[in-house]
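# A look at the structure
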Amino acid sequence: MALEPGSPGPQSVEARPSAWGGLSAILDTPQKRGITIVVILAAMVIAPQAFGPYATVILTNALLYTILALGLNVVVGYAGLLDLGYAAFFAVGAYSVGILTTGFGWNFWATIPVAVIVAMIAGVIIGGPTLRLRSDYLAIVTLGFGEIVRIAARNLQITGAASGISGIEQPWLFGWHIARQVDFYYVFLVLAVIAILVSVRLANSRLGRAWLYVRHDEDAAEAMGIDRVRVKLAAYIIGAIYGSIGGAFFAVNLTAISPQSFSFQQSTLFLMAVVLGGMGKIPGVILGAFVVVLGPELLRDLGSFRYLVFAVGLLLIMLFRPSGIWPSGGKR
Amino acid sequence: MALLELNGVSLGFAGNTVLQDVDFAVGERAIASLIGPNGAGKTSLFNCITGFYKPQRGSITFGGAQMLSLKPWQVTRAGIARTFQNVRLFRQMSVLENVMSGQHCRTNAGAIGAIFRVPAQRREEEHIHEVAGACLRFVGIDADEWGRDATTLAYGHQRRVEIARALATEPKLLLLDEPAAGLTRGEKAELVTLISRIRDERGVAVLLIEHDTSLVMSISERVSVLDHGVMIAEGAPKEIQANPRVIEAYLGSEDAEAALAL
Amino acid sequence: MTLTTILAQQLVNGLVLGSFYALVALGYTMVFGVVKLLNFAHGDLYMVGAFTGLLALSAVAGTAGTSWVGVGLSILLAMIAVGFLGVVIERIAYAPMLRAPRLSILITALAVSLVLQNGVLTISNGQVLAFSPKLGFAGLNLGPVFINYKQIALAGTAAVLMIALELFITRTQYGRAMRAVSVDRDMSELMGIDVNRVIAVTFFVGSALAGAAGTMAGAYYGSVWYFMGFIIGLKAFTAAVIGGIGSIPGAMLGGLVLGLLESFGTQIPGIGSEWKDVFSFSVLILVLVFKPTGLLGKSEQERM
């Protein structure tokens with residue numbers, strides 16, 4: 001199809017509203033955006049020195065949540081599948097590493113591909129029968145699967161039953177023993193950056209658009225020739241991969257895992273991270289992850305009351321600002 | 001052989017017969033219309049053709065191939081595209097993105113290609129953008145509207161975007177479900193021109209469901225009339241206008257306006 | 001013990017368990033019928049019912065004692081309290097969301113559930129509280145089985161409530177209006193039915209039933225805990241799906257079926273009590289995949 005001379009090519013029209021949302025007014029040039037990213041990255045790199053060891057642990061956790069929230073964002077935020085059992089993929093990654101390293105003496109790096117493959121299989125097993133269901137049913141069924149995984153982990157010998165697996169060896173990378181907390185901080189930082197890049201690329205792709213079409217109007221999407229089951233399954237599997245990689249590194253970071261880390265409460269925390277910040281918007285999800293991890297820390301003094309604060313916060317967000325905390329870009 | 005052929009198609013829901021033994025055909029590069037009083041089963045017939053409903057009996061072939069066992073997305077891939085009675089553009093997505101959805105079934109970059117931005121994927125993305133842009137220009141939507149949220153457009157423009165979206169699937173047959181509903185006189189005239197161009201410039205056959213009888217009569221080469229699930233008449237517009245059974249069907253229903261237009 | 005004794009005992013257990021499931025499932029299905037929403041917070045209403053019942057019992061202990069009368073009164077009070085809570089939740093959290101995308105209202109329901117759970121967690125400090133009515137352990141022998149009076153009372157009360165519900169649905173104006181709204185909401189509005197009122201009443205009744213079930217469970221099992229609504233919510237959903245979501249007889253049937261399945265299921269070698277939840281969820285998944293309309297549900301044809 002030849003373009004008429006003088007008319008703007010389609011590429012010059014931004015098909016998607018900017019990922020920066022409401023901040024795109026302030027950050028309106030690629031230079032400004034680039035500088036913002038560099039500044040943030042620099043801050044993250046010097047954070048351990050600047051804020052001390054305790055903060056490093058918290059920030060590592062925030063980075064872990066960022067990875068997992070981005071994965072769940074693909075499932076919920078893009079494809080619109082309300083998965084209430086996302087911790088199951090987290091568990092799959094963690095236990096794969098735990099079992100293979102402590103039970104069979106594998107090298108950690110060799111277990112990663114296995115963790116990923118097992119997660120993909122889990123995604124197909126869970127997703128296959130359930131993706132055709134209505135969203136309400138899907139939510140509860142995924143919750144059921146999450147519980148099944150947790151109960152299985154708690155009762156099977158190979159997963160260490162209720163006490164879990166401990167003594168997981170921390171990995172070596174080209175002579176660098178990744179063992180101190182600050183080492184893991186940088187590993188998670190790299191992983192988080194990769195996770196963000198992958199998410200951005202997916203969002204602006206044929207598959208990313210397909211997720212949105214299916215999410216906004218399944219039947220119309222189907223009428224446009226999109227196989228919704230296949231598209232949903234892709235979201236599920238990709239989300240599973242994020243989850244299991246997060247779980248794998250989580251396992252070696254803590255050197256011990258137990259079923260408590262993979263409960264429904266965990267799944268809801270991941271979901272909160274995605275929703276609070278702004279479902280479907282990458283900066284929003286990152287913000288949500290940090291809020292979900294840093295929030296309880298700042299509200300430490302409130303004890304168990306802080307979870308109530310969070311729950312009420314979630315409810316208020318849904319009622320008054322369902323698009324999330326991140327300022328949303330105006331529609332052009 | 002006709003492009004689209006329905007033979008003996010019967011459809012029923014929970015005891016109601018919606019379509020009864022319908023024989024129907026659309027030729028290649030034809031412009032045909034399906035009319036009938038409200039509730040006659042016209043949209044249901046569309047839904048059978050596009051694979052959303054499965055008829056209990058009968059056969060549907062397209063370009064000689066069996067269509068009954070296909071899922072809706074496979075039907076679109078085979079070359080049949082549609083628009084909807086209530087415009088169903090994807091909300092919170094731009095006009096261009098909406099039209100780009102049509103190209104999904106004609107391309108195949110997956111997650112790996114997207115993540116690693118392989119050259120083939122980048123070329124494909126450019127192609128998708130180009131085709132979408134071309135379809136939008138074809139239906140007369142200016143580039144300055146392409147970035148807007150599709151649902152913020154004027155109603156008439158939204159209808160055209162929906163047509164552009166269907167055209168982006170590179171169909172051989174385009175089904176338009178009441179495309180003139182809610183349009184002004186001027187917009188209806190533009191629609192007539194557009195439909196002719198779709199057939200003349202792109203070689204796409206067009207099948208319309210429409211209530212505006214004068215529009216139907218002015219553009220169709222062939223008109224089929226459905227009443228209570230039964231095909232009661234088929235032929236050139238003039239024949240249909242003179243057909244007593246057709247007139248009776250409309251008078252008997254509440255579609256008196258349409259009856260008078262005949 | 002002989003096989004017959006074991007099976008007979010499990011039959012009794014199953015019916016008792018099933019009554020709980022049925023009562024909670026009824027609320028799920030009724031609400032689903034009128035607003036087409038699975039109220040995720042429903043299980044937590046059961047939990048609130050249990051706590052309210054406990055409070056009520058200590059409140060009436062002075063006048064009515066803590067035996068059958070006291071417990072009966074507690075159930076009644078809990079039903080009323082939880083019923084109102086259900087209406088409040090509907091008005092505040094769900095009514096504004098009915099035109100929003102599906103995902104939003106589901107997450108809102110989740111948020112409500114979390115608020116209830118964490119609210120009670122905070123108030124009770126996460127402790128398991130004892131609920132000890134003086135109901136004794138007496139019972140009767142029916143053939144090889146021993147059925148204690150608590151079980152009879154429970155099943156009996158559940159049956160009475162279900163019959164009352166059935167009468168309400170079929171004989172009263174509200175009941176008929178409820179059925180109309182669940183079939184076609186817009187048409188009902190055109191026919192002059194005050195849909196918002198009907199929805200409020202539905203939430204009241206459904207929540208009250210869950211509250212009753214919660215109080216009874218508290219009294220029967222002797223303890224209440226902020227997290228007790230979680231599993232029951234899932235099980236009740238399973239029961240509603242087995243029976244056919246949207247169908248009231250279906251919820252009753254589904255509840256009993258699930259209760260029996262679980263009781264007999266725990267007797268299968270290999271499936272001890274730890275795995276019984278996995279067993280129930282597997283049943284749920286199998287039903288949804290192979291017969292999503294359940295035993296008594298109607299097939300839904302997609303309308304374009």
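The structure presented is a predicted model; accordingly, all values stated were derived computationally and were not measured. Per-chain numbering applies: the sequence of each chain, read as written, is numbered from 1 onward. Chain A is the first chain written and ligand 1 is the first ligand written, with later ones labelled in order. For a predicted model such as this one, the threshold for reporting local features is a pLDDT of at least 70, and the threshold for listing and counting side-chain atom pairs is 80 or more; totals across whole chains, interfaces and linings nevertheless cover every residue.

Only DSSP runs of H or I covering at least 4 residues are called helices, and only runs of E covering at least 2 are called strands; the numbering of each starts at the N terminus. When you go through chain C residue by residue, the secondary structure sums to 11 helices and four strands. Within these notes, the globule rule equals 2.2 Å times the number of residues to the 0.38 power, and the radius of gyration is based on C-alpha atoms. Here the C-alpha radius of gyration of chain C, 19 Å, is about what a compact globule of 304 residues would show, namely 19 Å. Sorting the 304 residues of chain C into buried and exposed places 49% on the buried side. Put simply, 77% of the contacts in chain C that link residues at least 6 apart link residues at least 24 apart. In this scheme every C-beta is placed from the backbone, and a residue whose C-beta has 20 or more other C-beta atoms within 10 Å is buried, one with 12 or fewer is exposed, and one in between is partly exposed. We call two residues in contact if the C-beta atoms placed from their backbones are at most 7 Å apart.

Our focus in this paragraph is the overall build of chain B. Of regular secondary structure, chain B possesses 11 helices and 10 strands. What you see for chain B is a C-alpha radius of gyration of 19 Å, in line with the 18 Å of a compact globule of 262 residues. C-alpha atoms of chain B, sized along the principal axes, occupy 65 × 40 × 35 Å. Out of the 262 residues belonging to chain B, those deemed buried represent 48%. Pairs at least 24 residues apart make up 68% of the contacts formed inside chain B by residues separated by at least 6 positions.

To continue, consider the sheet that holds strand 6 (residues 80-82) of chain B. All names here are of chain B. Reading across from one edge, 6-7-8-3-9-10 is the order of the six strands in this open sheet, with mixed pairing throughout. The open sheet has two free edges, formed respectively by strand 6 and strand 10 (230-235), since each of these has just one partner strand. Shown here is a sheet whose adjacent strand axes are inclined to one another by a mean of 20°, direction ignored. The pairing of strand 3 (residues 31-35) with strand 8 (residues 205-209) spans four bridges and is classified as parallel. Residue pairing for strand 8: L34 is matched across the bridge by I209. Relative to the sheet, helix 1 (residues 42-49) contacts strand 3, strand 6, strand 7 (173-177), strand 8 and strand 9 (222-227), its axis offset from that of strand 7 by approximately 150°. Strands are treated as partners if at least two bridges between them are detected by DSSP. For helices, the fitted line uses only the C-alpha atoms of the stretch in contact; every axis is such a line through C-alpha atoms, and the angle between N-to-C directions lies from 0 to 180 degrees.

Now for the environment of K32(A). Residue and element names in this part refer to chain A. Along the chain, K32 falls in helix 1 (residues 30-78). A tally of 14 C-beta atoms within 10 Å means that K32 is categorised as partly exposed. Along the primary structure K32 and F250 are separated by 218 residues, whereas in three dimensions their C-alpha atoms are 34 Å apart.

Time to look at unusual backbone geometry. For A161(A), which is not glycine, the phi dihedral falls at a positive 50°. Within the chain, E178(B) stands out as a residue other than glycine whose phi angle is a positive 50°. Among the structural elements, E178(B) can be located in the loop between strand 7 and helix 7 (185-202).

Let's shift gears to the domain arrangement of chain B. As a measure of interface size, the accessible area lost when the parts come together is often cited. All names here are of chain B. Here the limits of each domain have been adopted from an automatic or database domain assignment. Under the domain assignment, chain B is made up of domain 1 (1-79 + 171-262) and domain 2 (89-169). Between domain 1 and domain 2, the C-alpha centre-to-centre distance is 27 Å. Contact with domain 1, which involves 10 residues of that partner, is made by seven residues of domain 2. The element contributing the most residues to the side of domain 1 that touches domain 2 is helix 2 (residues 72-78), with three residues. When residues are grouped by polarity, Ala, Val, Leu, Ile, Met, Phe, Trp, Tyr, Cys and Pro land in nonpolar, Asp, Glu, Lys and Arg in charged, and all others, Gly among them, in polar. Grouping the constituent residues of the side of domain 1 that touches domain 2 by class yields six nonpolar, two polar and two charged.

As a further point, take the confidence of the model for chain C. Residue and element names in this part refer to chain C. Per residue, pLDDT measures the predictor's confidence, with a range of 0 to 100. In the predicted model, chain C carries a mean pLDDT of 85, and 95% of its residues have values of at least 70. Mean pLDDT per element in chain C: strand 2 (residues 139-142) is the minimum at 73, and helix 8 (residues 195-221) is the maximum at 91. Interface confidence for the predicted complex, given as ipTM, is 0.91, next to a pTM of 0.87.

Right, let's get into helix 7 of chain B. Residues and elements named next belong to chain B. The terminal C-alpha atoms of helix 7 lie 25 Å apart, and with 18 residues this matches the ideal 26 Å at 1.5 Å per residue to within 8%. All of the buried residues in helix 7 are L191, I195 and I198. Down the axis of helix 7, the smallest arc covering the buried residues is 60°, so these residues share one side. Looking at helix 7, the residues exposed on the side facing more than 90 degrees away from the buried face are R185, G186, T193, D200 and E201. G203 sits one or two positions beyond helix 7 and adopts a positive phi of about 70°. Multiplying 1.5 Å by the helix residue count minus one yields the expected span of that helix. An arc is given here, and it is the one of the directions from the helix axis to the C-beta atoms.

This part takes up the nonpolar core. Note that soluble globular proteins tend to have their nonpolar side chains buried in a common cluster. We call a set of buried Ala, Val, Leu, Ile, Met, Phe, Trp, Tyr and Cys residues a nonpolar core when their C-beta atoms link them within 7 Å. Ranked by internal contacts, the top residues of the largest apolar core, which has 286 residues, are A235(A), A273(A), L314(A), A22(C), L23(C) and V24(C). With 16 residues, the single largest contributor to this core is helix 1 (residues 3-35) of chain C. A domain-level breakdown of this core finds at least three residues from each of domain 1 (1-79 + 171-262) and domain 2 (89-169) of chain B.

Let's shift gears to the packing of helix 1 of chain C against helix 9 (residues 228-243) of chain C. Residues and elements named next belong to chain C. For the pair helix 1 and helix 9, the least separation of the axes is 8 Å and the interaxial angle reads 75°. Between helix 1 and helix 9, the crossing angle belongs to the class labelled roughly perpendicular. Contacts from Y21, A22, V24, A25, Y28 and T29 of helix 1 reach helix 9 at I232, K235, A236, F237, A239 and A240. Across the contact of helix 1 with helix 9, the residue classes break down as 10 nonpolar, one polar and one charged. Each angle is binned into one of four classes, with values under 35 degrees roughly parallel, values over 145 roughly antiparallel, values of 65 to 115 roughly perpendicular, and all other values oblique.

Residue-level contacts link 43 residues of chain B with 33 residues of chain A. Elements with a minimum of two residues in the side of chain B that touches chain A: helix 2, helix 3 (95-100), helix 4 (111-116) and helix 5 (119-138) of chain B. Tallying contributions element by element places helix 5 of chain B first for the side of chain B that touches chain A, with eight residues. Its residues placed into classes, the side of chain B that touches chain A shows 18 nonpolar, 14 polar and 11 charged.

Here is the key point about a regular strand: its side chains alternate between the two faces of the sheet. Residues and elements named next belong to chain B. Taken across its five residues, strand 8 has five buried, putting it largely inside the fold. Side chains A205, L207 and I209 of strand 8 all project onto a buried face; the interleaved residues V206 and L208 project onto the opposite face, where all are buried too. With five bridges joining them, strand 7 and strand 8 adopt parallel strand pairing. The residue of strand 8 that forms the bridge with L176 is L208. Once the chain exits strand 7 it traverses helix 7 before rejoining the sheet at strand 8, and the crossover so formed is right-handed. Here is how to tell: hold the view so the strands point away, follow the path from the first strand over the helix to the second, and if it runs clockwise the crossover is right-handed.

The next thing to look at is the environment of S19(C). Residues and elements named next belong to chain C. By secondary structure assignment, the location of S19 is in helix 1. Classification of S19 by C-beta neighbours within 10 Å gives buried; the count is 26. Separated by 66 residues in the primary sequence, S19 and L85 have C-alpha atoms spaced 23 Å apart. Contacts of S19, omitting those with residues within four sequence positions, involve L154, A155, A158 and G255.

Okay, the pairing of strand 9 of chain B next. Residues and elements named next belong to chain B. In terms of residue burial, strand 9 counts as a mostly covered element, since five of its six residues are buried. Looking at chain direction, strand 3 and strand 9 are connected through four bridges and run parallel. Considered in strand 9, the bridge of L34 is made with S224. Hairpin connection between strand 9 and strand 10: a loop of two residues separates the two successive antiparallel strands, and H228 in this loop has a positive phi of roughly 50°.

The next thing to look at is the environment of V124(A). Residue and element names in this part refer to chain A. Tracing the backbone shows V124 in helix 3 (residues 108-130). For V124 and I237, which are 113 residues apart along the polypeptide, the C-alpha to C-alpha distance reads 6.9 Å. When residues no more than four places from it in sequence are discounted, the contact partners of V124 are L233 and I237.

Further remarks concern the sheet that holds strand 1 (residues 4-13) of chain B. Residues and elements named next belong to chain B. The strand order across the open sheet built from four strands is 2-1-4-5, with neighbouring strands paired in antiparallel fashion. Each edge of the sheet is formed by a strand with only one pairing partner; in this case those strands are strand 2 (16-26) and strand 5 (65-66). Pairing of strand 4 (residues 57-62) with strand 5 involves two bridges; the strand directions are antiparallel. Of the residues in strand 5, the one forming a bridge with T61 is Q66.

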